[in-house]
Amino acid sequence: MSLKYRSDIDGLRTLAVMPVLFYHAGMTLFSGGYVGVDIFFVISGYLITSIIVRELDEDRFTISNFYVRRVKRIFPALYFLLAFTFLLSFFTLMPVHFESFGKSVISTVLFGSNILFWQESGYFDSQAETKPLLHTWSLGVEEQFYIFFPIMLMLIARYGGKKYVRYALTLFIASFILCVWGTKTHPEAAFYLIPYRTWELMLGALIALKFFPKTEKPLHTNIMSGTGLLLLCISIFYFSHDTSFPGYAALLPCVGTALIIMSEGSFVNRVLSTKPVVWIGLLSYSLYLWHWPLFALRNYWGNIDIPPFYKSNLFLILLTFAFAAFSYYVVEKPLRVKKIENRKLFFRATYAVMFIGCLVGASAIVTNGIPQRIPEEAAKLAYTPNSKFKTKECYELSEDAIKAGKYCSMGDTESKPVFALWGDSHALALSDGLDKFAGDNKAAGLFMSNSACPPLLGLAGTDRAKADQCIKSNIAIADEIADNRKVENVVLVCRWMKYTDSPQKLEDFRAALDRTLDKLKHKEVFFVLDNAEADFDVPRELAKDALLKAYIPALASKQPINISAGTYETMNSNLISLLKEYENKTNFHVVPLYQGLCGPDGCITQYDGRALYYDDDHLSVFGADYAVKNGGALLLEMVK
């Protein structure tokens, strides 16, 4: 006996996919639209558990049957999307981004894109907005669930006396506790990884296992479904990227979904069962697959001068529906209902398609994004290699490693170190320029930096998960510098504006600076005001402009792509005013490095056909060398 079809579940899928689509379209009303993914998780847990347990009870469940259904459901539309997106990306992405895209293709094929994107960045980061396959992280979670959960249920059926509820409840509780803890301590992991998300799937499983008491009284079901809809609305319309999520907050959309699932026959469920709502729900998988690559590539080329309608949310939503409908009716539905006669041939074909997908992704990686696709000038602007100090031996060192002296040398390694470079990722960005100049002048230094950690005692970084680690490692660094008699100079480099953009932050900053200067009172301290920040990815925009000049000059920029004049002073006005209080300190020197990049017409972003930045706010290796030579007079004097 097959599972009873519930049209209201398809309607519930509409409540999941549309908020996600509107959220990614940038519609502020749907500021919490990302919770649509959580709705999908609960639905998946409910449906998959219902199907597997029914078949286990009827003694007809097999792993091969399960995976045949899953492959037929997931693969056709997904691989159609991957092929199409690869072609679009081939012609539109710059090499470094196309190389990154290749990695996401492989991770998607191997059911691990959630792991890749967890390692790369956060879901709400600005760089994430241009990754065409970012949305496949949720498929990774579901596919990993499809791997372990059927096996777990089979083992319970065979050895656990079919006490499914006991194990599902244990998983639910353990995962929820982990999720709440992880959201505070490891927020990116809690967002992307399945151990932190399993409880959402298990909530759906517990409904399927009839753990919750069921009522068929109209009054009760209407109250339940109405409450569920209210919880979903609160989540969708009142959550935002500032909401600590998933954690406790994820209870609202998940419990709301659960209440609606358990309220079959209620007024809300009858509305969800209407044909227009169900039709969107039937398209929901294809809508979810297609919407984000279109939005991401729009974001990537957002500055191009074309009629506004073709970059508008309305156009992209209409385009999403067009692609989704084609995908559903031509690709997804026909292959899903097709009967499989030869299982071995089916799985061999599946493995072959996966292998081809990995090869295609690998082609973008091993060729460094195939720079030959674009004009040489564009490729040169797009190429911004990482700092040589961005290694596990030099960067992000623990407190113990610092105390053990396991930090890297800069400049002329044959000489004794006379300076220390201490800071965050902006210090890392500057390191190659300072390293080169120090080496040319037979001087040596030490490199001591951690990302998102300001080089001031007692001041926590921007990453709340590593705040305590920042404070402890900074104490260790200050102790090492203070105790090293050879190191006479300390260079402090940081994205200072992050810590001085409010009155309270400014006071905390002042106190931390005083503590640091007191600790380093026997050293010469060089406080670097580094580069201005752009509101765009610099090498990407420069390379895109060069590409347009080569192929479609009418769409290319008519003016140099610079950062507006006065940007640094405006964004750092609080800091610059505060530093005037320290002008009379004999061992404290302010280095206005940014002035070497800025003039009356703005701050330059390229020189001699090379980008001076590797993103929107970090100097490239070439840019660091240029900045030190042109704006770091005090640093140059210190090194000499």
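This one's a predicted model, so the numbers in the text were calculated from it and none came from an experiment. Within any chain, residue numbers begin from 1 and follow the written order of that chain's sequence. Residues qualify for local features only when their pLDDT is at least 70, as the model is predicted, and side-chain atom pairs are given and counted only at 80 or more; totals for whole chains, interfaces and linings, by contrast, use all residues. Only hydrogens and water are removed before side-chain values are computed, so all heavy atoms of the structure are retained for them.

A. Local environment of the overall build of the protein. Secondary structure follows DSSP: runs of H or I at least 4 residues long count as helices, runs of E at least 2 residues long count as strands, and numbering of each begins at the N terminus. Helix and strand counts for the protein stand at 26 helices and 10 strands. With the radius of gyration taken over C-alpha atoms, the globule rule is written as 2.2 Å times the number of residues to the power 0.38. Relative to its length of 640 residues, the protein is compact, with a C-alpha radius of gyration of 28 Å against a globular reference of 26 Å. Seen along its three principal axes, the alpha-carbon backbone of the protein occupies a region of about 85 × 55 × 45 Å. The contact definition used throughout considers only heavy atoms, calling two residues in contact when any of these lie within 4.5 Å. Put simply, 80% of the contacts in the protein that link residues at least 6 apart link residues at least 24 apart. The charged-residue count follows a simple rule in which Lys and Arg add positive charge and Asp and Glu add negative charge, with His and chain termini not counted at all. For this purpose, a charge sits on NZ of Lys, CZ of Arg, CG of Asp or CD of Glu. For the protein, the distance from the average site of its 63 positive side-chain charges to the average site of its 61 negative ones is 11 Å.

B. Structural detail: the sheet that holds strand 4 (residues 489-493). Any two strands with at least two DSSP-identified bridges between them are counted as paired. The 6 strands are arranged 1-3-2-4-5-6 in an open sheet whose pairing can be described as mixed. In this open sheet, the two edge strands, each paired with only one partner strand, are strand 1 (408-411) and strand 6 (588-591). In this sheet, adjacent strand axes meet at a mean angle of 25° when their direction is disregarded. As defined by bridge partners, strand 1 adjoins strand 3 (residues 444-449) across 4 bridges and the pair is classed as antiparallel. By the bridge assignment, Met 410 is partnered in strand 3 with Gly 445. Here, axes are lines fitted to C-alpha atoms. For helices the fit covers the stretch in contact, and angles between N-to-C directions go from 0 to 180 degrees. Most of the contacts of helix 19 (residues 425-440) go to strand 2 (residues 417-423), to which it runs at about 160°, and overall it touches strand 1, strand 2, strand 3 and strand 4.

C. Molecular detail of the packing of aromatic side chains. When two rings of Phe, Tyr or Trp (its six-membered ring) have centres within 6.5 Å they constitute a pair, described as stacked for plane angles under 30 degrees, edge-to-face for angles over 60, and tilted for the intermediate range. Here the structure, examined in full by the defined rule, presents 51 aromatic pairs. When the ring of Phe 145 is compared with that of Phe 149, the centres are 4.7 Å apart and the planes differ by 20°; the resulting orientation is stacked. Here Phe 145 and its partner Phe 149 are both found in helix 6 (residues 137-159), 4 residues apart, which amounts to about one turn of the helix. Each member of the pair, Phe 145 together with Phe 149, is buried. Through successive ring pairs, a cluster of aromatic residues spans Phe 61, Phe 66, Tyr 67, Phe 145, Tyr 146, Phe 148 and Phe 149. Charge over a ring is defined by NZ of Lys or CZ of Arg lying within 6 Å of the ring centre and within 35 degrees of the ring normal. For the cation-ring pair, Arg 70 lies above Tyr 146, with the distance from its terminal atom to the ring centre recorded as 5.0 Å. Lying over the aromatic face of Phe 90, Arg 373 brings its terminal NZ or CZ to 5.5 Å of the ring centre. For the exposure calls, accessible area comes from a 1.4 Å probe over protein chains only, and a residue counts as buried if that area is under 20% of its type's maximum, exposed if over 50%, partly exposed in between.

D. Spotlight on the environment of Ala 157. Position of Ala 157 among the secondary structure elements: in helix 6. For Ala 157, a relative accessible area of 23% corresponds to the partly exposed category. Non-local contacts of Ala 157, meaning those with residues more than four positions away in its chain, are made with Leu 56, Lys 162 and Tyr 164.

E. Summary view of the nonpolar core. With 212 residues, the main nonpolar core has Trp 137, Leu 153, Ile 481, Trp 496, Phe 509, Leu 513 and Phe 527 as its most contacted residues. A per-element tally of this core places helix 2 (residues 36-57) first, with 12 residues. The criterion is simple. A nonpolar core is a set of buried Ala, Val, Leu, Ile, Met, Phe, Trp, Tyr and Cys residues joined through side-chain atoms within 4.5 Å.

F. Structural detail: the packing of helix 3 (residues 63-92) against helix 15 (residues 313-337). Viewed as axis vectors pointing N to C, helix 3 and helix 15 meet at an angle of 140°, and their least axial separation amounts to 8 Å. In terms of orientation, helix 3 lies oblique with respect to helix 15. The element helix 3 and its partner helix 15 pack so that their crossing is right-handed. Counted together, Lys 72, Arg 73, Pro 76, Ala 77, Phe 80 and Phe 84 of helix 3 and Phe 323, Phe 326, Ser 327, Val 331, Glu 332, Leu 335, Arg 336 and Val 337 of helix 15 form the full contact between these two elements. Throughout, the term roughly parallel applies to angles under 35 degrees, roughly antiparallel to angles over 145, roughly perpendicular to angles from 65 to 115, and oblique to all others. Note: crossing handedness is left-handed where the near helix turns anticlockwise from the far helix by less than a right angle, and right-handed where it turns clockwise.

G. Region of the structure containing helix 19. To estimate how far a helix should extend, the number of its residues minus one is multiplied by 1.5 Å. Over its 16 residues, helix 19 extends 24 Å from the first C-alpha to the last, a length consistent with the 22 Å expected when each residue adds 1.5 Å. Taken as a whole, helix 19 carries its principal kink of about 40° at Ser 431. Counting buried positions along helix 19 yields 13 of 16 residues, so the element is predominantly enclosed. Whenever a nitrogen or oxygen atom comes within 3.5 Å of another N or O atom, the pair is scored as a polar contact, on the condition that within protein one atom can donate a hydrogen and the other can accept it, and that pairs from neighbouring residues in sequence are kept only if both atoms are in side chains. By the N-cap criterion, in which a side-chain oxygen at the helix start approaches the backbone nitrogen of a residue two or three places on, helix 19 is capped by Asp 424, the distance to His 426 being 2.9 Å. Just downstream of helix 19 lies Lys 442, where phi reads positive at about 55°. A residue's bend is the angle separating two fitted axes: one through the seven residues that end there, the other through the seven that start there.

H. Focus on unusual backbone geometry. The omega torsion across Phe 245 and Pro 246 is 10°, close enough to zero to call that bond cis. Mapped onto the elements of the fold, Pro 246 is located in the loop between helix 10 (218-238) and helix 11 (251-261). Located in the positive-phi region is Ala 452, a residue other than glycine, with phi close to 60°. Turning to its location among the elements, Ala 452 is positioned in the loop between strand 3 and helix 20 (467-483).

The values are spatial; any link to function lies outside them.
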